[in-house]
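What follows is each chain in one-letter form.
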Amino acid sequence: MESTLIPIGIDAGNGAFKIFGQPGGLQVLSQVATDNGQRMVNTLGLHKQKPPLQVVNGHGAFYVGAEAHDYGRPVENLDVDRFNGTPEMAALLHGSLTRYQEKYGLFGAPLAVVTGMPNELLAGEEAPKNIENVKRWIKGTHTWQADGQEYSVQIGDVKVASQATGGLFDYLLNEQVRYIPERKKALTGEAGIISVGFGTVELMVVRDRTQVQRFTTGAASGVRRLLELVNGQRLYSLGELDLLLRSNELDLSTAMPVWEREVGRVIGDQWGNQWKRFSVVLAVGGGTLLLRNSLIYRFGAKIHIPEDPVQSIAHGLYKMALFQQA
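Residues numbered from 1 in each chain as written. Predicted model: local features only at pLDDT ≥ 70, side-chain atom pairs only at ≥ 80, totals over all residues. Heavy atoms only, no water.

1. Points about the overall build of the protein chain
Okay, step 1: A count of helical and extended segments in the protein chain gives ten helices and 16 strands.
Okay, step 2: The C-alpha radius of gyration of the protein chain comes to 20 Å, within 12% of the 20 Å expected for a compact globule of 326 residues.
Okay, step 3: Expressed as lengths along the three principal axes of its C-alpha atoms, the size of the protein chain is roughly 65 × 50 × 35 Å.
Okay, step 4: Of the contacts made within the protein chain by residues no fewer than 6 positions apart, 68% connect residues no fewer than 24 positions apart.
Okay, step 5: Averaged over its 32 positive side-chain charges, the protein chain has a centre that lies 6 Å from the centre of its 33 negative ones. (Helix = DSSP H or I, 4+ residues; strand = E, 2+ residues; numbered from the N terminus. Rg over C-alpha atoms; globule rule 2.2 N^0.38 Å. Contact = heavy atoms within 4.5 Å. Lys, Arg positive; Asp, Glu negative; His and termini not counted. Charge placed at Lys NZ, Arg CZ, Asp CG, Glu CD.)

Next comes the structure, spelled out in structure tokens:
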């Protein structure tokens, strides 16, 4: 990897699109809506609301981020094929790169990206093709408009890792990309990683720097499943429910115990009690915040939940990008 490239970690989650680089991290809610071009004139007595970010690229015009579903037709494609470069994923990438540059300044060189993908995409006969598809749509020169302003970003190198691997590297490496001595045994021994995202729950075990296949799996039991339990009458889009969840406005009293049991079954079916031999069980992803108490109860002193489990995967992918340059 050329040292002139700017290392960036990208966790393209179904709940939020996370980017992490040297200045810090940022997340944009993974809400996309097609822009139909209609604009309502604000009427007297109603609050004027600022529209979400409007992205115009080669695929069309989109609203991106929080409350995008209030401004256009919601696009909620949560199929794994979206990671191969669907129009809404391109809009999310461009919207997230816009927000990142607004916060931290324009990129002064091409990017070297390490992006995290779910296990489903990286397993089976289709895995090599899926990885090449991800690299193909991310790598290259991206041009778009955001709220009328022109942007252009060149991505010169793309590597693909599992989201769980990003969490592992965030745990193992410090900000200077050196192994943290007291944690290095997680790499030479056995370490379990649980990634609870919006779409999936990912489990991975690494033993002596090698992934153990029989302990590794992915299941569609992420936070989306919790929201589906709440949304029995289908009154809301998943994006709308996600916003209500983040603002603590959802009644989870009935759905939460059901979801906790479902996630517990995924873990139990794959790991049983063999997790007791692991040196550590890492828990990352936004869903970890909801499951924190049950994970601590289940794994006790073995569990490690990072200070910011939401950004942990993107942070670890950034450290992997830095590690490639070291």
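2. Brief notes about the side chain of Ser30
Okay, step 1: By secondary structure assignment, the location of Ser30 is in the loop between strand E3 (24–29) and strand E4 (32–34).
Okay, step 2: Exposure remark for Ser30: the relative accessible area of 14% places this residue in the buried category.
Okay, step 3: Here Ser30 is in contact with Gly13, Asn14, Gly15, Ala16, Phe17 and Leu92, once residues within four sequence places are set aside. (Buried < 20%, exposed > 50% of the residue type's maximum accessible area, 1.4 Å probe, protein only.)

3. Description of the nonpolar core
Okay, step 1: In this structure, Ile10, Phe17, Leu97 and Leu111 are the most contacted members of the largest nonpolar core, which totals 34 residues.
Okay, step 2: The element best represented in this core is helix H1 (residues 87–104), accounting for seven residues.
Okay, step 3: Ignoring anything within four residues of it in the chain, the contact list for Phe17 reads Ile10, Asp11, Ala12, Leu26, Gln27, Val28, Ser30, Met89, Leu92, Leu93 and Ser96.
Okay, step 4: Within the second largest apolar cluster, 33 residues are counted, among which are Val205, Phe215, Ala255 and Phe278. (Core = buried A, V, L, I, M, F, W, Y, C linked by side-chain atoms within 4.5 Å.)

4. Re unusual backbone geometry
Trans peptide bonds make up the majority, and among non-glycine residues the majority have a negative phi.
Okay, step 1: Phi is positive for Glu67, close to 70°, though the residue is something other than glycine.
Okay, step 2: In this fold, Glu67 is placed in the loop between strand E6 (60–64) and strand E7 (73–75).
Okay, step 3: Positive phi outside glycine occurs at Asp208, with the angle close to 50°.
Okay, step 4: Inspection of the secondary structure assignment puts Asp208 in the loop between strand E12 (201–207) and strand E13 (210–211).

5. Considerations on the side chain of Ser96
Okay, step 1: Residue placement: Ser96 occurs in helix H1.
Okay, step 2: Look at Ser96 and you get buried, because its relative accessible area is 0%.
Okay, step 3: Contacts of Ser96, omitting those with residues within four sequence positions, involve Phe17, Ile19, Leu26 and Val28.

6. Remarks on the pairing of E3
Okay, step 1: The buried fraction of E3 amounts to five of the six residues, a majority that puts the element mostly inside the structure.
Okay, step 2: One ladder, built from six bridges, connects strand E2 (residues 16–21) with E3; its direction is antiparallel. Its bridge partner lying in E3, Ala16 is registered against Leu29.
Okay, step 3: Between E2 and E3, which pair antiparallel in sequence order, lie two residues. (Pairing = 2+ DSSP bridges.)

7. Considering the pattern of salt bridges
Okay, step 1: According to the stated counting rule, one finds eleven salt bridges in the structure shown.
Okay, step 2: In this structure, Glu175 and Lys319 form a salt bridge, with 3.9 Å as the shortest nitrogen-oxygen distance. In this pair, Glu175 is assigned in the loop between helix H4 (163–172) and helix H5 (185–188) and Lys319 in helix H10 (residues 312–325), connecting sequence segments 144 residues apart.
Okay, step 3: Classification of Glu175 by relative accessible area gives partly exposed; the value is 45%.
Okay, step 4: On the basis of relative accessible area, Lys319 is assigned to the buried category, the value being 3%.
Okay, step 5: Of the charged contacts, one joins Asp242 and Arg246 as a salt bridge, the two residues approaching to 3.1 Å between their closest N and O atoms. Residue Asp242 and its partner Arg246 are located together in helix H7 (residues 238–246), separated by four residues, close to a single helical turn.
Okay, step 6: A relative accessible area of 6% means that Asp242 is categorised as buried.
Okay, step 7: In the salt-bridge network here, residues are joined through shared partners; they are Asp170, Glu175 and Lys319. (Salt bridge = Lys/Arg side-chain N within 4 Å of Asp/Glu carboxyl O.)

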